[in-house]
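Here is how the chains run, residue by residue.
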Amino acid sequence: MSKARGVDIELVERQEQPADDSGIVLPNCVRINGVDVAIPADSEIQFSKVTESEAFTITLTLYVRSLSVRTENAPAAMLPAPFPPAAHALFARPAGSTDAH
């Protein structure tokens, strides 16, 4: 079993143009362990108080692609995100069709 550890969080401002000299950073990208993650545009990132005696924590809302809730040794049973509406059209019968699939 691997030992739990903290993660590396980056709040990055991606920009097309070179940075101005204002010194203000407006993050528009979140990375966890170097991987870009999607967060809702209206979500807030909450930071814990920084002290010398306690670990620093943050709370953020993420979009989930899949979720697995299981014991460590059980095989993963992933719950995929729902099909987009357009995907259901792939399984629809043509208009006027009477044969069962």
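Above this text you will find the structure in question.
Please read all numbers here as calculations on a predicted model, not as lab measurements.

Chemist: How should the overall build of the protein be read in this particular structure?
Modeler: Helices and strands together make up the secondary structure of the protein, namely one helix and seven strands. When the helices and strands of the protein are listed from N to C terminus, the series reads β-β-β-β-β-β-β-α. Buried positions account for 5% of the 101 residues belonging to the protein. The contacts in the protein between residues at least 6 apart in sequence include a share of 20% that link residues at least 24 apart. Approximately 9400 Å² of the protein is accessible, and the part contributed by carbon and sulfur atoms is 57%.

Chemist: Whenever I open this one, a nonpolar patch on the surface confuses me. Can you help?
Modeler: On the surface, a nonpolar cluster with roughly 550 Å² of combined accessible area is contributed by Val-7, Ile-9, Leu-11, Phe-47, Val-50 and Phe-56. If you trace the backbone, Val-7 turns up in the segment before strand 1 (9-12).

Chemist: Can you help me understand the sheet that holds strand 3 (residues 35-37) in this one?
Modeler: By definition, the strands of a sheet pair up through backbone hydrogen bonds, in either a parallel or an antiparallel sense. As summarised here, the arrangement of the three strands in space is 1-2-3, forming an open sheet in which the pairing is antiparallel. Across the chains shown, the open sheet's two edge strands, defined by having one partner strand only, are strand 1 and strand 3. Here the average twist between neighbouring strands, direction ignored, is 35°. Where strand 2 (residues 29-32) and strand 3 come together, three bridges link them in antiparallel fashion. Bridge pairing in strand 3 links Arg-31 to Asp-36.

Chemist: It is not clear to me how the pairing of strand 2 should be interpreted in this structure. Could you clarify?
Modeler: If a strand is regular, its side chains alternate between the two faces of the sheet. Bridge analysis of strand 1 against strand 2 gives four bridges, and the strand direction is antiparallel. Looking at the pairing, Leu-11 lines up with Val-30 of strand 2. Between the antiparallel neighbours strand 2 and strand 3 lie two residues, among them Asn-33 with a positive phi of about 50°.

Procedures and definitions
- Residues numbered from 1 in each chain as written.
- Predicted model: local features only at pLDDT ≥ 70, side-chain atom pairs only at ≥ 80, totals over all residues.
- Heavy atoms only, no water.
- Helix = DSSP H or I, 4+ residues; strand = E, 2+ residues; numbered from the N terminus.
- Buried < 20%, exposed > 50% of the residue type's maximum accessible area, 1.4 Å probe, protein only.
- Contact = heavy atoms within 4.5 Å.
- Areas by Shrake-Rupley, 256 points an atom, 1.4 Å probe, with all protein chains shown as cover.
- Patch = residues over 30% accessible without salt bridge, like charges linked within 9 Å, V, L, I, M, F, W, Y side chains within 5 Å.
- Salt bridge = Lys/Arg side-chain N within 4 Å of Asp/Glu carboxyl O.
- Pairing = 2+ DSSP bridges.
- Axes fitted to C-alpha atoms, helices over the stretch in contact; angles between N-to-C directions.

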